[in-house]
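# Per-entry structural report
For reference, the chains in residue letters:
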Amino acid sequence: MNETRRAILEALSGGPVSGPELAADLDVSRAAVWKHIEALRESNFDIESGPTGYELADVTAYNAPAIEFGLEAPFSIEYHDAVGSTNDRARQLAAEGAANVAVVAGEQTGGRGRLEREWTAPVGGVWVSIVTRPTITTAQAPLYTLAAAVATATVAREAGVDAGIKWPNDVVVPVGDDGDYRKLAGILTEMEGQPDRVDWVVPGIGVNANIDAADLPAGATSIREEAGDVDRRRFVQRLLEEFERYRTDIEAVVPAWRDLALTLGQRVRVDRPSGELVGEAVDITEFGALEVETDDGRVTVSAGDCEHLRPV
Ligand code: BT5
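### Details of the nonpolar core
Among the nonpolar cores identified, the biggest contains 63 residues, and Ile 77, Val 126, Leu 239 and Val 270 are the most heavily contacted of them. Residue assignment places this core across two domains, with domain 2 (64–260) and domain 3 (267–309) each supplying three or more. Setting aside chain neighbours within four positions, we find Val 126 in contact with Tyr 62, Ile 205, Gly 206, Val 207, Ala 209, Arg 232, Phe 235, Val 236 and Leu 239. The next biggest cluster of nonpolar side chains, apart from the first, holds 17 residues, and it includes Ile 37, Leu 40, Leu 56 and Phe 69.

In C-alpha cells form, the structure reads like this:
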C-alpha cells in the first residue's frame, strides 16, 4: 500500500484525527490528505468525517490494503477478485524472486489439490498462498505444511469450529466417534530447491469459510455450516500471524501439530506411491513423517493419502 495511506490508517487507528493535523504530521498538503482519504474510502475503508476529524469507523473490505491494515506479520498482500490458482500465481512470484508475499483470491477458477486433483474454490472461501524463502533443508520443508495446518486449525477453532488435523495436510471436523470427519480446509505445498537448500516454499491454504455445504464436494464442510460466517479479512490476518509464529519457531511445529492431530491413535489406511498400508498411526517424526504400527512392524511414511478407519 502507498506509504502515506498506510500512515493515515495508522494515525486513524488511534481515534479521530483532523485533516490539518494529518497534513502536518505527514508533511503533505491538506488537499493531498483529502485525496488519500478518498482513495481509502474507495478501497472500502469506512472513514467518516466527524466534528473532531476523520474517523475510521470500520474495515469491511476484503482486499490488499484492508488485509495489510492491522496485520501483525511481515507479509505484503497481492489480492485478486478471481484467479486461476493462488498457488500458480505465488509460484510465478517465487520464480521472479519475491519473498513474504501472500497471494489472496476472492475465488479461484482453477484451484488445485495435491496430485492434480481439483479444488473447489467459490466466492466466500479463504484462498491464500504464501511465498516464503526459508533457510531450511529440503527434508525440513514438510514442516511448513504442518505449520500451515496448525495455523489453519488454530484459527478455525478461534472461529468456533471443532477443527483438528488429519495427517498430513487436511483440517477436518470430526463426525461421531468412529473416526469419521468432514473436510474444512486443505493445504497444497509446492517448493523448489536442491537437497541441502530450499529456494522457495509456497504453502497454499484453502479454507471453506462463508460457503454453503451445497456448493462444496460431498464430504466437505465450511465454517458457515459449523459456526456461522467469519470476517475473512480477520481470518486471513490470523492465519498469516499464526503461520508466521510457527515458521519462526520451527521446533514448536511438531508439538503443536500433535496437540491438534486427530490421526494419532487412529487405525489408518495410507495410500503411498509404493503401495497401501494399514495399521495404527502412533506418532510423527521431527520432519513430519507418520509412524504407523502395522502387523509387520513400524513403518515411517513421508508422503501419501491417509484415511481414518473405524476401530476394529
Ligand atoms: C488438498 O488436496 O486438500 C489441497 C487443497 C489446497 C487448496 C489451496 S486453495 C489456495 C491454494 N491454491 C490452489 O490452487 N490450491 C491451494 P487433496 O488432499 O488432494 O484434496 C483434494 C480433494 O479434496 C479433491 O479430490 C476433492 O475430493 C476434495 N475437495 C475439493 N475441493 C474441496 C473443498 N473446497 N473442500 C473440501 N474438499 C474438497
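The structure having been displayed, the exposition proceeds.
### Notes on the packing of helix α2 (residues 19–26) against helix α3 (residues 30–42)
It is the contact of α2 with α3, at a shortest axis distance of 8 Å, that shows an interaxial angle of 105°. Of the possible angle classes, the one that applies to α2 and α3 is roughly perpendicular. In this structure, α2 contributes Gly 19, Pro 20, Leu 22 and Ala 23 to the contact, and α3 contributes Arg 30, Val 33 and Ile 37. Looking at the contact of α2 with α3, its residues break down into five nonpolar, one polar and one charged.

### Observations regarding the pairing of strand β1 (residues 45–50)
Of the pairings in the sheet, the one linking β1 to strand β2 (residues 53–59) comprises six bridges and is antiparallel in character. What sits directly across from Ser 49, in β2, is Tyr 54. The turn joining β1 and β2, which pair antiparallel and follow one another in sequence, is formed by two residues.

### Observations concerning a negative patch on the surface
A surface patch of like charges, here negative, comprises Asp 46, Glu 48, Glu 55, Asp 58 and Asp 231. Residue assignment for the negative patch shows that the elements contributing at least two residues are β1 and β2. Examined against the element boundaries, Asp 46 turns out to sit in strand β1.

### Overview of the side chain of Glu 68
As for its position among the elements, Glu 68 is in helix α4 (residues 64–68). Given the relative accessible area of 12%, Glu 68 is considered buried. Here Ile 77 takes part through its backbone nitrogen, which lies 2.8 Å from a polar atom of the side chain of Glu 68.

Thresholds applied
Residues numbered from 1 in each chain as written. Predicted model: local features only at pLDDT ≥ 70, side-chain atom pairs only at ≥ 80, totals over all residues. Heavy atoms only, no water. Core = buried A, V, L, I, M, F, W, Y, C linked by side-chain atoms within 4.5 Å. Buried < 20%, exposed > 50% of the residue type's maximum accessible area, 1.4 Å probe, protein only. Domains from an automatic or database assignment. Contact = heavy atoms within 4.5 Å. Axes fitted to C-alpha atoms, helices over the stretch in contact; angles between N-to-C directions. Helix = DSSP H or I, 4+ residues; strand = E, 2+ residues; numbered from the N terminus. Parallel < 35°, antiparallel > 145°, perpendicular 65-115°, else oblique. Nonpolar A, V, L, I, M, F, W, Y, C, P; charged D, E, K, R; others polar. Pairing = 2+ DSSP bridges. Patch = residues over 30% accessible without salt bridge, like charges linked within 9 Å, V, L, I, M, F, W, Y side chains within 5 Å. Areas by Shrake-Rupley, 256 points an atom, 1.4 Å probe, with all protein chains shown as cover. Salt bridge = Lys/Arg side-chain N within 4 Å of Asp/Glu carboxyl O. Lys, Arg positive; Asp, Glu negative; His and termini not counted. Charge placed at Lys NZ, Arg CZ, Asp CG, Glu CD. Polar contact = N/O pair within 3.5 Å; in protein donor to acceptor, adjacent residues only side chain to side chain.

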